[in-house]
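Here are the chains, one letter per residue:
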There are 4 protein chains.
Amino acid sequence: MRIGMVGLGKMGGNMAERLRRGGHEVVGYDRDPSISDVGTLKELVDRLEAPRAVWVMVPAGEPTRATVAELGELLDRDDVIIDGGNSHYVDDQRHAGELGAKGVGFVDVGVSGGVWGLENGYALMAGGDAAHIQRLMPVFETLKPEGPDGFVHAGAVGAGHFAKMVHNGIEYGMMQAFAEGWELLEAADVVTDVAGAFKSWRHGTVIRSWLLDLLVRALEDDPELTQLRGYAQDSGEGRWTVQAAVDHAVPLPVITAALYARFASRQEDSPAMKMVAALRQQFGGHAVTS
Amino acid sequence: MRIGMVGLGKMGGNMAERLRRGGHEVVGYDRDPSISDVGTLKELVDRLEAPRAVWVMVPAGEPTRATVAELGELLDRDDVIIDGGNSHYVDDQRHAGELGAKGVGFVDVGVSGGVWGLENGYALMAGGDAAHIQRLMPVFETLKPEGPDGFVHAGAVGAGHFAKMVHNGIEYGMMQAFAEGWELLEAADVVTDVAGAFKSWRHGTVIRSWLLDLLVRALEDDPELTQLRGYAQDSGEGRWTVQAAVDHAVPLPVITAALYARFASRQEDSPAMKMVAALRQQFGGHAVTS
Amino acid sequence: MRIGMVGLGKMGGNMAERLRRGGHEVVGYDRDPSISDVGTLKELVDRLEAPRAVWVMVPAGEPTRATVAELGELLDRDDVIIDGGNSHYVDDQRHAGELGAKGVGFVDVGVSGGVWGLENGYALMAGGDAAHIQRLMPVFETLKPEGPDGFVHAGAVGAGHFAKMVHNGIEYGMMQAFAEGWELLEAADVVTDVAGAFKSWRHGTVIRSWLLDLLVRALEDDPELTQLRGYAQDSGEGRWTVQAAVDHAVPLPVITAALYARFASRQEDSPAMKMVAALRQQFGGHAVTS
Amino acid sequence: MRIGMVGLGKMGGNMAERLRRGGHEVVGYDRDPSISDVGTLKELVDRLEAPRAVWVMVPAGEPTRATVAELGELLDRDDVIIDGGNSHYVDDQRHAGELGAKGVGFVDVGVSGGVWGLENGYALMAGGDAAHIQRLMPVFETLKPEGPDGFVHAGAVGAGHFAKMVHNGIEYGMMQAFAEGWELLEAADVVTDVAGAFKSWRHGTVIRSWLLDLLVRALEDDPELTQLRGYAQDSGEGRWTVQAAVDHAVPLPVITAALYARFASRQEDSPAMKMVAALRQQFGGHAVTS
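Residues numbered from 1 in each chain as written. Chains lettered and ligands numbered in written order. Predicted model: local features only at pLDDT ≥ 70, side-chain atom pairs only at ≥ 80, totals over all residues. Heavy atoms only, no water.

Enquirer: Hey, could you run me through the packing of helix 10 (residues 237-247) of chain B against helix 11 (residues 253-265) of chain B in this one?
Expert: For any two helices packed against each other, one specifies the crossing angle of their axes together with the interaxial distance. Residue and element names in this part refer to chain B. Taken N-terminus to C-terminus, the directions of helix 10 and helix 11 make an angle of 135°; their axes are 10 Å apart at the nearest point. What the angle tells us is that helix 10 and helix 11 run oblique. Read as a crossing pair, helix 10 and helix 11 show a hand that is left-handed. On the side of helix 10, the interface is formed by Gly 238, Arg 239, Thr 241 and Val 242, while helix 11 contributes Ile 255, Thr 256, Leu 259 and Phe 263. (Axes fitted to C-alpha atoms, helices over the stretch in contact; angles between N-to-C directions. Helix = DSSP H or I, 4+ residues; strand = E, 2+ residues; numbered from the N terminus. Parallel < 35°, antiparallel > 145°, perpendicular 65-115°, else oblique. Left-handed = near helix turned anticlockwise from the far one by under 90°. Contact = heavy atoms within 4.5 Å.)

See the structure below:
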């Protein structure tokens, strides 16, 4: 089918390419005219046929909100916007409400895959009306990995990004579990072939996983990780996962600990621990009256 | 090669069977005479040829200690005992010291695999002298899964069980991460096809793993897990992982949180939360002086 | 000075009483006519003299929002509304904006004290313009405990409730620390006079505190807390503290752990631990292919 | 009464002084001859009258073990050794067993107080036989703070140090709760008078405590704690608390989080977060096959 793609960066560009390889006709728009098929969003909309489908693949937050708003002005009843970025599910629900007032549909899709998605496919989690999902299935079928899995219609609008958000929360916890295990093995000096232990776990163990494969690859590149600093960004989904959990009174000790470890990794010095140090100094240094 | 196997339960029995299928000659001993090849450990030792190898596959703690001690009396210089149970690495180091005094070798092996190991092989993590490991490689080759991985000589005595211990700590963290994600999805009521979301993640995502496969299978059996109580044992390795981390001043927030979630799952009522409730009652109910 | 008090429940009623004892004239309004001085908010406003001050002491959320909105309609330029409830600081900032458009002032005050505040005074944390705070100081002076402390002008609008929110977050962490210590002492069976240990800590130790005093009192009433269930509500401030921390990328491991312990205390059975149990069952029970 | 004091450092020296001021006769021994009353432990023992009491106030671990062993050789039936250092309760139980074989008594005392103990008294938690405790009560009465509290006979040998250990675990949690609250207030920039907020909390709030007093004092000295690094040692008791909890399957999320925050504060760079960074790099940077 014919589809518009807004945002032709690393993700959007590769997804457009995978769609074209799969026989779809993609009209691409990007702020960078050297990679854009059209000069404006209006031109992009004009190049599509009703009912139109426009996939938005721009950074979450203000860029996505602005793009959705502008497209909402340009599109007509029965057209549909797909937000494939990393938006907060609450934004989806607001977008769907605003667009619905003029009959434009909205579908949110959480996308997993990264740079290898072009070849291997993108895992997709979609939220929206069944009729919209049905219409877009040819696109989803092409984007997703081969085989029975890799796509879910998770629920109404917002469910796609909510599912992706929780996926990332789980990812944070798993990564931290592996990272803690590695730190302990390195610290304890009992296991002398640490990289070999991780490599051996790739077969026959409970923890075999793609993350373990990546970890083995990372240690092959740099066995002591001497080239790296212990500094990790968080992407928004981890924070939203914790905030959603707090809203629903769900305890998430592991996922939250993983998020906090990232926060702490970005501090030059921990303010809290300065206070702990200050309190310890007060115990010991001054003649304090009770 | 010929090898003795002490303990023919679910693990030891299947390992003996896999060894026999692989062409080894196994003399098995079990307290249950109906499945034992010999009547006593002495008889087992007599049936082997020097230098002997005896694989101990009995419960960790006192049963393993007693078996190792008894075998130590029966065996001669250059014989070797392999402890394939879930022993604490500190026990290994003590066993090796005691046996070493009379020239008997000791190798510790962490074994992962469970009931499917008979068919698919057991992941093995070994600790001990290179010469002992070398002599036992035919046995390890048969027990381990096919392919390049599934076995590591992790270091000196203790390293095998230490590696397995950390493996299990990582496993605790990963399981808890998945479990928390599932709880949040169920609680939030945004994603309506929760089982479908997990299923979809099996391809193309960062969290694809054998644990995810098991999780999908569990939800296929019982989509809301109504047949289960939220009650989880811990096996010793999780505790030892945390205690080793504390000994080495390594922070393990995720693995520890996963362990504590298991502890809490086994409490009828939380004593700590009784105290929190008591303190809240004190705020509100009495006329307390400052 | 003369002041209106809206909400004459346990907190508002006692605060009105303390103000009257301190020489202020309080016009009280409550939905319950049997304790209300006036029949309507309009009547309350009419009984005050410009520039008026109305202290709102009703439940946070919708009741406070509705009361502030109604008062906003009734009040004039230079009047001021004080929200002394447990509102979210974000609500304060919105209220101040809405009221400011018509010249009505807004001050938020976090109040600590509970039932003993009538006699001992209420700790007050205020947010708002310096001019408003200055005008209200006679009221604050009467409400607060004697002595140099017990009141702070913490910052602009929202700062009062933000400070109270963090106070409560700290309180959660402290309570949980005591509760965990008590649980361990009870579980370990090394200390046989647990209540005596806590009592002894009231003098000369680092942890002496009002919470410790309450804890000792609780154990005097019920040495094993047999009359209580391990069930603890959370009041909103704990959740907002964690959410504010996540917004600011501040790691709060202790305060969050205390909040999650409360969440968990209210679950009949832990869904997450059902999933952990399900995964453990999958390892052990089925012949699972790799 | 007459008592021996071994170790005349900051703690032991002040305790000897407080005992002398209270009318006791103290024979002090220290490795530093310039402050020692006697040249050897033998001489110290000779200067006491049977049944003798010798208080050991030297660093925990090897120094305490060596001192207790040497005193055990020198003392006679019915003499008693008091270990007032920060020993692990397991060591106490071993010491009592060894000394008991020759009829020498052993009492363990957890001591809280620091440099202000000389003036204000030391909180004491004692473990041991009732007869020994009874005999030593004059000493305890002098050392402890005035008033009804500050001393507990917590149980049999080991109970004193166990109680002190848990006290310190609670202290870790409380300190971290305050520290986290301070960090959040500083980070969020809503409360502009952070030090004033803490100061105001000293009266009328739930969190009023000696630690809060110390915190206020610390901020008076250095309002932004610019003179300090976020680096905190841990003293052993925190670690033992967590390890005891794990032994007894008691979840201690708050106390453990506080301990881990100290561990992390001492790392130049977090190895675990290097691994998280490495995994994130693997996602994004390489063309990874599934």
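Here the narrative resumes, following the displayed structure.
Enquirer: I keep staring at the interface of chain B and chain A and nothing clicks. Help me out?
Expert: In many analyses, interface size is given as the accessible surface area lost on bringing the parts together. Contacts between the two partners involve 66 residues from chain B, matched on the other side by 66 residues from chain A. Interface area, chain B with chain A, both sides summed: about 5700 Å², of which 72% is carbon and sulfur. Viewed at the interface, chain A and chain B are joined by 2 salt bridges. Between chain B and chain A we count 16 residue pairs in polar contact (both at pLDDT 80 or more) in total. (Buried area = accessible area lost by both parts, 1.4 Å probe. Salt bridge = Lys/Arg side-chain N within 4 Å of Asp/Glu carboxyl O. Polar contact = N/O pair within 3.5 Å; in protein donor to acceptor, adjacent residues only side chain to side chain.)

Enquirer: When you look at the sheet that holds strand 3 (residues 53-56) of chain A in this model, what are you seeing that I'm missing?
Expert: The pairing of strands in a sheet comes from backbone hydrogen bonds and takes either a parallel or an antiparallel form. All names here are of chain A. Reading across from one edge, 2-1-3-4-5-6-7 is the order of the 7 strands in this open sheet, with mixed pairing throughout. Bordering the open sheet on either side are strand 2 (25-29) and strand 7 (151-155), each of which pairs with just one other strand. Shown here is a sheet whose adjacent strand axes are inclined to one another by a mean of 25°, direction ignored. Pairing between strand 1 (residues 2-6) and strand 2: 5 bridges, direction parallel. Within the sheet, the bridge partner assigned to Arg 2 lies in strand 2 and is Glu 25. Across the sheet, helix 3 (residues 62-74) is in contact with strand 1, strand 3 and strand 4 (80-83); its angle to strand 4 comes to roughly 170°. Sitting on the sheet, helix 4 (residues 89-100) is in contact with strand 4 and strand 5 (105-112), with an inclination near 155° to strand 5. (Pairing = 2+ DSSP bridges.)

Enquirer: Would you mind showing me how to read the side chain of Gln 176 of chain A here?
Expert: Along the chain, Gln 176 of chain A falls in helix 7 (residues 159-188). Residues in contact with Gln 176 of chain A, not counting those within four places in the same chain, are Ala 258 and Ala 261 of chain A, Pro 253 and Val 254 of chain B together with Ala 272, Met 273 and Val 276 of chain D.

Enquirer: Help me understand the nonpolar core, please; the structure alone is not making it clear to me.
Expert: If you look at soluble globular proteins, the nonpolar side chains tend to sit buried side by side. Core analysis: the largest hydrophobic core is formed by 256 residues, its most contacted members being Phe 198 of chain A, Phe 198 of chain B, Phe 198 of chain C together with Phe 198 of chain D. Sequence-distant contacts of Phe 198 of chain D, defined by excluding residues within four places in its chain, comprise Ile 170 of chain C together with Phe 178, Gly 181, Trp 182, Leu 185, Leu 212, Leu 215, Val 216 and Leu 219 of chain D. (Core = buried A, V, L, I, M, F, W, Y, C linked by side-chain atoms within 4.5 Å. Buried < 20%, exposed > 50% of the residue type's maximum accessible area, 1.4 Å probe, protein only.)

Enquirer: What should I look at first to understand empty space enclosed by the protein in this one?
Expert: Rolled over the atoms, a probe sized like a water molecule indicates the empty space that remains. Residue and element names in this part refer to chain C. Scanning all chains against the criterion turns up 1 cavity of 30 Å³ or more. Space inside the largest cavity adds up to approximately 30 Å³. Along the walls of the largest cavity sit Asn 86, Ser 87, His 161, Lys 164, Met 165, Glu 237 and Trp 240, which together make up its complete lining. Going through the elements one at a time, helix 7 (159-188) and helix 10 (237-247) are the ones with two or more residues in the lining of the largest cavity. The element contributing the most residues to the lining of the largest cavity is helix 7, with 3 residues. (1 Å grid on protein atoms, 1.4 Å probe; cavity = no way out; pocket = protein on both sides within 12 Å on 5 of 7 lines; lining within 4 Å. Points joined across faces, edges and corners; volume = space filled by probe spheres on them.)

Enquirer: I'm lost on the pairing of strand 7 (residues 151-155) of chain B in this one. Help?
Expert: Every regular strand shows the same layout, with side chains that alternate between the two sheet faces. Residues and elements named next belong to chain B. Burial analysis of strand 7 places 4 of its 5 residues in the buried class, the great majority of the element. Note that strand 6 (residues 123-127) and strand 7 share 4 bridges and pair parallel. Of the residues in strand 7, the one forming a bridge with Gly 127 is Gly 155. On the question of chirality, the crossover connecting strand 6 to the parallel strand 7 by way of helix 6 (residues 130-143) is right-handed. (Right-handed = clockwise from strand over helix to strand, strands pointing away.)

Enquirer: Help me understand the confidence of the model for chain A, please; the structure alone is not making it clear to me.
Expert: Of the residues in chain A, 98% have a pLDDT of 70 or more, and the chain-wide mean is 95. Here residues 286-290 of chain A is modelled with pLDDT under 50, and outside its nearest four sequence neighbours on either side it reaches 16 contacts, counting other chains as well. (pLDDT = per-residue confidence, 0-100.)

Enquirer: How should the relation of the copies chain B and chain C be read in this particular structure?
Expert: Mapping one chain copy onto the other needs a rotation about an axis and a shift along that axis. Mapping chain B onto chain C calls for a rotation angle of 180° and an axial translation of 0.0 Å; the resulting RMSD is 0.0 Å. Such values leave the two copies arranged in the relation of a two-fold axis. Looking at the interface residues of chain B, 100% of them are also at the interface in chain C, so both copies use one shared face. (Least-squares fit on C-alpha atoms with pLDDT ≥ 70 in both.)

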